[in-house]
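Structural characterization, general
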Amino acid sequence: MFDEVVEHVVAEAGPSHASFPQVKYEGFEPSPYDDSPLLEAYADDPRIQGLRPVTQPFDLCPVQYTPPAPLACLAVSSDKMAIGLASNTIVLIELAHPDQILQIPISRKPTEMSLYKMFLDPSGRHLVITSHQGENWYLFRGWKKPKQLKSFKMVIESIAWNEPALLSSPHSTSTREILDFFKSQERYLHLLFTLPEKTPITGIRFDMFPLSDPRTALIIVTTPTRIYQFVGAPDRRSEESGRMFLPVFSAYRETAPSDGIKITVYHELTTARLAPGIYYGTLNFEQSIDDHIDSTQLFPYPTLSRHETSTTSSSPPQVPVSIALTEFHLVLLYKDRLIGICTLNGKQNYEDTVPLRPNEAVRGIVTDPVRRTYWVYTDQSILELVVRNESRDVWQIFLHQQKFDVALQYAKTTSQRYQVLSAHANALFDEGRFFQAAQYYAQCTVPFEEVVLKYLDAGERDALRSYVFSRLERTKKTDLTQRMMLATWLVEFYLSKCDELDDFCAAEAATSDVQNVETERIMLEEDLRHFFETYKANLDRDAVYELIQGHGRIDMLLFFATVVGDHEYVIQHWILEEEWSKAIDVLNRQSDLELYYRFGTVLTRHAPKEMVDAWLRQPALDPLRLIPSLLQLQHAPRDALSSNQAVRYLNHVVFQQSNTSSIIHNLLVTFHATLSPTPSDDGPLLRFLTTAPCDPLTGKPYYDLDYALRLCKRANRIQACVHIYAKMGLYENSVDLALDKGDLELAKVNADMPENDLPLRKKLWLKIARYVVQDKKDIKSAMRFLEDTDLLKIEDILPFFPDFVVIDDFKEEIAHALEGYSAHIDELKKEMDEATRTAESIKQDIAELRSRFVTIAAEETCSMCAQLLLTRQFYVFPCQHTFHADCLISLARECLPTHALRRVLALQTELVKGSQAGPAERSTTGTSDAQVGQPVRQRALLSTNFVGPALQNGTKAVAPLGRNILSAGDKLRDLIIPDALAAVATAPVGWIPGIGLGGGKKSGPDKDGEKRTERLRAELDDILASSCPMCENVVAGLDKPFVDPGEMDTTWAL
C-alpha cells in the first residue's frame, strides 16, 4: 500500500489521445434493441404479462474487438479501458470513442517479463502495471510510453486509491496518496504496519466516514485467511511529507487489528472470497462499534454440474476464478460459466455459459467502479456483462422479509405496489396498529367491504373513520356517487363520536379526564367543520340536514348550511327563534338579493333600523320590490323623537341613488304627509317638495302632482298645497289658498313666481292688494304694500278703497305719484327733442354727400384690371380704390351675401326686360347715330352671347332665366355676368337725366319705363357701391390662411 501525496506534470512531448490517428473500428457499440420501456408501459395488462418474456438480470455480450496478442490483464474505470497483452503492450481504449485505440509498448521482451496486474485509478488517468518479476511501471493518460519504477521491486497485489480526491479534481495530474516518479522513491515509501501473519495482502481499500465523522478513515485489508480493519484520523498536515496514514496505523503497533480473504466493495457492501464460500456484509460507519462489517453472511459456493448430458447430477463446489459485486448480486466467474447469486436471499437466479474457443481460458472479471459496468475477459476476447433487469424480483424478496418500504421502492408496476401495500396493511393490522394500517389499506386494492368488516369486528371505529377519509381523498372526482356515500358516512362517524364524547363528559363530570375529553371534542368539531368546508360539493344537503338534526347539533347544522350557501335555511331558523339581529347579520353576509325581498317584511316590522341599515349597504336592491316591507312601517308604533326608517331609506334612494321612479317619489310624499310626528309640522314635507329632483326634459317633479295635492288636502297640509299649486302653474289658486289661510308672505312669494308673465304677476299682486285693502281694511298697510313691488301704483289700488275715505291717510303717496308722472313726462320731452335734432343732422349730412366730389387724374387705372380708368364707366370709393363697372361687379359678386346676390340677379333680369324695347324703337322710329353724323364708339361686351338671345327672344327667354336664377342655389355667383350687367345697368352715351337720348318729348308710358329703369339702376348702384369690396375682403379674410388647403405653395421654399 502506498500513502504518498505527489504532484507531477505531464511530459511536454506526450500528446493526448485525441491527437492519435483514426484506426479501424473494433465494435464496442451497445445493443440497439431495448424493449423494456414498451413492456413497462403495459405491465399491468394480464394479456401482456402472459406474453412478456422472462428477462435475465444480466446479459453477456461479446465485444467486437480482437486483441493482437493474448490478454494478460484488464482494468476499467470511468469508461476508460486498459488492456495488458502478453506481448508487453498496453492497449488504451476510451469506451465513449471506441474507434480510437492507442497501443503503448513496454520496453521488455516477453521472455524477460510477463504482466501480472494493472491498477487504474477511479478517474482513469493513472495506471500502475506490475509484473510477475516484480518490475512496476507507471503510465499517465497522454504519455507515449510508461515510466519504470526502478527502485520499486516487488509484486503489487492491491492499491487503495483516494477515490473522492481523484474524482473531485478531473483536471489534476496528482495521484494523491499514491506515488511520485520525479523524486527518490525511497523517500516516499513508508512502512506503515506489518501484519502478524506472513501472507500476501490480497485486497486493500480505505473510505472516509461519510457523515458522522468525515475526518475519520476506515481501512480494510484482506489476506487469504483474514480481514483486518483499521480506524483512525489521517494527518492532513502531513500530506506533503507523505506521512498522512502514520497516525492511523500507529495506534495498532501494539494491538493487532480486527480479524477478519479477497475483498470486493460495492458502495457500502463488502464481500470476501473464502474457502467454503463467500463472506458478505455491509460497511457500518458508526463510531461506537468495533466491527464495521455488519450483517455478515456466508454464501456457500454453488454446486456445478459437470456436463449437461452427464449422468452424474453434480460435483463438489468449486472456487470461482473471479468475483464481482453488483447492486443485488454476486457474480461468480468460473472456467466456463457465470453464476449470479442474489445477495438478499443467497439464492442463485442467474447462470450463463461463457462462449469460449478451443484452448481459450478465462482470466477474470473486472468492474468499472465509477460507471458500474462489468467486463469478463479471457486470453483471447472481452465480454461485457450488461445489467438488464437486476431488480426484477427484488420487491418480492423484500416483501417476504417484511421490509415493505424497501419493497415499495422496487415495485415497478401498479399490481406490484398494490401487493406490497396490501401485505404491509395486513401486517400492521395484525400488530394492532390500526390507524397506520388504514392509510395503507386506502392505497391498495383490498375490497372496501372486507376492510370495513375487519375494523367493525375489531371495534376500531376511529381507525375506520381514518380509512374512509383516506379512501375519499383517493377516490376520483368523477365518481360522484362513491364520494357522496363516503362523505355522508364520515359525517355520521363525526357526529356519533361527538355524541359519545358528550355522554362521557356528562357521566364523568367529576373526574380529571373531563378536561382532556372536552379538548378532544372541540378538536373533533373543528375537524368536522373543516370537513364540511372541504367536501361540501360531495354532500347531499337534505341528507346531511337530517343526519345533523337527528343528533341535535344545531350549531353544526347552521354551520353546514352556511358553508353550502343555504342562507335561507339559516335566516328561517333565526326568525323562528325570534333572533332578529342574528337573522339580519346572516342576511348581510350573503349576496342573494332575493332573500332581502323575501324576509324584508317580517324583519322590517321587528327590527326596522337594522333592516334599513342592511338595505343601505346593498345599493343593488330594487326599491320597488321593497315597498311591501316599507309599508310595514306605515302603521307601526314608534317613538316621536326617532326618525321614520322608511323615510330615511326613501330619502337615500331619491337623493343619493338618484332614483326617478314616480312610485318611490309618491310613496315618500305619502310618508311625509301622513306620518309626520306633529300634524302641524310641514317642514319635512315642504323640504322634500322644494328640493325634490325634476325631470330635465319637462321640468316637472317625478312625483304625481295631482296625487300629492289630493293627499295634502286630505291631510290639511295648506302650505304644501300652495307649493303644489305653484308647481302645477296654477298661481292664482296658490295665491288664493295662501290668502285664505291668511299667509300674506306666502302669497307674495307665489305672486312673483311667473317671472315671464308680467300681466299675470300684476293680476296676482292686485289680488293681494284687494285682500289687504278690502279684507284687512288697513290703509297704512296698503301703502306700505306698494313698496314691495314695482308693478302696482297708487292709482291701481285706489278703486279698492271705499267711496268715503279720508285722503289724509294716503295724501303723501298721491303727491309722490304725481311728481313721478311729471318727471317721466319731462324725460319723454327731452328724448323727443334729441330725436328731432338727430334727424336734422342726418338730413344735412345727406345733402353734403350729394355735393361731394373726387378729383381723378387722367392716368388713373382700375384697382383690379390695372387699365385706364376713363376708358369706360367707373366707380370711385372714399378709400381711393377705383374700379370699372364690370370689374366692380366681378369683385362684388365674390363677397356679397346670398340675399344680396339674389337681389342683384333679380335686378339683372328686370334691366334685361327693360332694355328690350330700346333697340326696337331705335331701329324703326329713332334716328341712329350714324344717320345724324354723330358716330359713337361703343365697347364690345364679353357677354354678347348672353344678351343677344335674351333680346331676340324677348320675354320667353328672360322669364325662364329669372326662375332658374332664383333657384340656382350655390351657382348664384356663376349666373351673374359682369359684362352683361354693366351693359344694361350703365346709362347710354349721350343720355341726359330728365331728357334722354333724343332730346324729344316722350309719351307717358315711355317716361314711366325710363323712371322705372332709373330706379332699378339706382338700387343696383346702392348694392354695388355700398362698400369697397377690396377693403371688405381684407377685413373678412383676416382669419383665413395665406395658402388654401391642398394648394401647393413654393414661394417659401429655401
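One way to put it is that helix α15 (residues 554-563) packs onto helix α16 (residues 567-576) with a least axis distance of 7 Å and a crossing angle of 145 degrees. Between α15 and α16 the crossing geometry is left-handed. The segment α15 lies against α16, with Ile 554, Leu 557, Leu 558, Ala 561 and Thr 562 engaging His 567, Tyr 569, Val 570, His 573 and Trp 574. Class assignment for the residues of the contact of α15 with α16 results in seven nonpolar, three polar and no charged.

We now examine the environment of Asp 592. By the secondary structure assignment, Asp 592 is in the loop between α17 (580-589) and α18 (593-606). Since its relative accessible area comes to 38%, Asp 592 is described here as partly exposed. In terms of polar contacts, Asp 592 uses its side chain to reach the backbone amide nitrogen of Glu 594, at 3.2 Å.

So, on to the sheet that holds strand β20 (residues 329-333). Sheet architecture is open: four strands sit in the order β19-β20-β21-β22, paired in antiparallel fashion. Unpaired on one side and paired on the other, β19 (322-325) and β22 (348-353) mark the two borders of the sheet. Mean inter-strand twist for the sheet, computed between neighbouring axes without regard to direction, equals 15 degrees.

If you check the backbone angles, Ser 78 has positive phi at about 55 degrees while not being a glycine. Along the polypeptide, Ser 78 turns up in the loop between β3 (71-77) and β4 (80-85). The backbone of Gln 402 sits at a positive phi, close to 60 degrees, despite the residue not being glycine. When you line up the elements, Gln 402 lands in the loop between α6 (394-400) and α7 (404-410).

Within a regular beta strand, the side chains point alternately toward one face of the sheet and then the other, so they alternate between its two faces. Most of strand β5 (residues 89-94) sits inside the fold, with five of its six residues counted as buried. Sheet topology places β4 next to β5; five bridges connect them, and they run antiparallel. Within β5, the position partnered with Ile 83 by the bridge is Val 91. Where β4 folds back onto β5 in an antiparallel hairpin, the turn is made up of three residues, including Asn 88, whose phi is positive at roughly 55 degrees. Where β5 folds back onto strand β6 (residues 101-105) in an antiparallel hairpin, the turn is made up of six residues.

Our next topic: the pattern of salt bridges. Taken as a whole and judged by the stated rule, the model has 29 salt bridges. Its salt-bridge partner being Arg 521, residue Glu 518 comes within 2.7 Å of it at the nearest N-O pair. On the criterion of helical spacing, the pair formed by Glu 518 and Arg 521 is a turn pair, its members being three residues apart in helix α13 (residues 514-534). A relative accessible area of 25% means that Glu 518 is categorised as partly exposed. Overlapping salt bridges, with partners in common, bring together Asp 499, Asp 502, Glu 518, Arg 521, Glu 525 and Arg 553 in one network.

Our focus in this paragraph is the pairing of β3. Burial analysis of β3 places six of its seven residues in the buried class, which makes it a mostly covered element. By the bridge criterion, six bridges tie β3 to β4 in an arrangement that is antiparallel. Paired with Leu 71 across the bridge in β4 is Leu 85. Remark: two residues form the turn of the hairpin made by β3 and β4, two consecutive strands paired antiparallel; Ser 78 in that turn has positive phi of roughly 55 degrees.

On the surface, Glu 286, Asp 290, Asp 291 and Asp 294 cluster together to form a negatively charged patch. Looking at the secondary structure, you find Glu 286 in the loop between β17 (277-283) and β18 (293-300).

Note that Thr 855 resides in the loop between α31 (811-850) and β26 (874-876). It is 9.8 Å that separates the C-alpha atoms of Thr 855 and Val 876, two residues lying 21 residues apart in sequence.

On to the packing of helix α9 (residues 434-443) against helix α10 (residues 448-458), then. Between α9 and α10, whose axes approach to 12 Å, the crossing angle comes to 170 degrees. Viewed along their axes, α9 and α10 adopt a mutual orientation that is roughly antiparallel. Every residue of α10 that contacts α9 at Phe 434, Ala 437, Ala 438 and Tyr 441 is listed here: Val 451, Lys 454, Tyr 455 and Ala 458. Taken together, the residues of the contact of α9 with α10 break down into seven nonpolar, no polar and one charged.

Along its 14 residues, helix α11 (residues 461-474) runs 20 Å from first to last C-alpha, staying within 8% of the 20 Å computed at 1.5 Å per residue. When α11 is considered as a whole, its buried residues turn out to be Ala 463, Leu 464, Arg 465, Ser 466, Tyr 467, Val 468, Ser 470 and Leu 472. Where α11 is buried, its residues touch α9, α10, α12 (480-507) and α13.

On to the side chain of Asn 88. For Asn 88, the location among the structural elements is in the loop between β4 and β5. Take Asn 88: its relative accessible area is 0%, and that puts it in the buried class. Non-local contacts of Asn 88, meaning those with residues more than four positions away in its chain, are made with Pro 105, Ile 106, Arg 108, Lys 109, Pro 110, Met 113, Ser 114 and Leu 115.

Another aspect to go through is the packing of aromatic side chains. A complete count under the given rule lists 29 aromatic pairs for this structure. Ring geometry for Phe 193 and Phe 249: centres 6.3 Å apart, planes at 35 degrees, overall tilted. One end of the pair, Phe 193, is in the loop between α4 (185-188) and β12 (203-208); the other, Phe 249, is in helix α5 (residues 246-250), with 56 residues separating them in the sequence. Residue Phe 249 is classed as buried on the basis of its relative accessible area of 4%. Pairing Tyr 545 with Phe 560 gives two aromatic rings, centres 5.8 Å apart and planes at 85 degrees, and the pair type is edge-to-face. In this pair, Tyr 545 sits in helix α14 (residues 541-551) while Phe 560 sits in helix α15, placing the two residues 15 residues apart along the sequence. Tyr 545 gets classed as buried once you look at its relative accessible area, which sits at 6%. By the ring-pair criterion, three or more aromatic residues cluster together here, those being Phe 429, Phe 434, Tyr 441, Phe 448, Tyr 455, Tyr 467, Trp 489 and Phe 493. Sitting over the face of the ring of Tyr 494, Arg 465 holds its NZ or CZ atom 5.3 Å from the ring centroid. Positioned above the aromatic ring of Phe 559 is the side chain of Arg 529, whose terminal nitrogen or guanidinium carbon lies 5.8 Å from the ring centre.

Turning our eyes to something else, we now look at α15. Where α15 is concerned, the buried positions are Met 556, Leu 557, Leu 558, Phe 560, Ala 561 and Val 563. Residues of α15 that are buried in the fold lie against α13, α14 and α16. Backbone geometry just downstream of α15 places Gly 565 in the positive-phi region, at approximately 80 degrees.

Thresholds applied
- Residues numbered from 1 in each chain as written.
- Predicted model: local features only at pLDDT ≥ 70, side-chain atom pairs only at ≥ 80, totals over all residues.
- Heavy atoms only, no water.
- Axes fitted to C-alpha atoms, helices over the stretch in contact; angles between N-to-C directions.
- Helix = DSSP H or I, 4+ residues; strand = E, 2+ residues; numbered from the N terminus.
- Left-handed = near helix turned anticlockwise from the far one by under 90°.
- Contact = heavy atoms within 4.5 Å.
- Nonpolar A, V, L, I, M, F, W, Y, C, P; charged D, E, K, R; others polar.
- Buried < 20%, exposed > 50% of the residue type's maximum accessible area, 1.4 Å probe, protein only.
- Polar contact = N/O pair within 3.5 Å; in protein donor to acceptor, adjacent residues only side chain to side chain.
- Pairing = 2+ DSSP bridges.
- Salt bridge = Lys/Arg side-chain N within 4 Å of Asp/Glu carboxyl O.
- Patch = residues over 30% accessible without salt bridge, like charges linked within 9 Å, V, L, I, M, F, W, Y side chains within 5 Å.
- Areas by Shrake-Rupley, 256 points an atom, 1.4 Å probe, with all protein chains shown as cover.
- Lys, Arg positive; Asp, Glu negative; His and termini not counted.
- Charge placed at Lys NZ, Arg CZ, Asp CG, Glu CD.
- Parallel < 35°, antiparallel > 145°, perpendicular 65-115°, else oblique.
- Expected span 1.5 Å × (residues − 1).
- Phe/Tyr/Trp six-rings, centres within 6.5 Å; stacked < 30°, edge-to-face > 60°.
- Lys NZ or Arg CZ within 6 Å of the ring centre and 35° of its normal.

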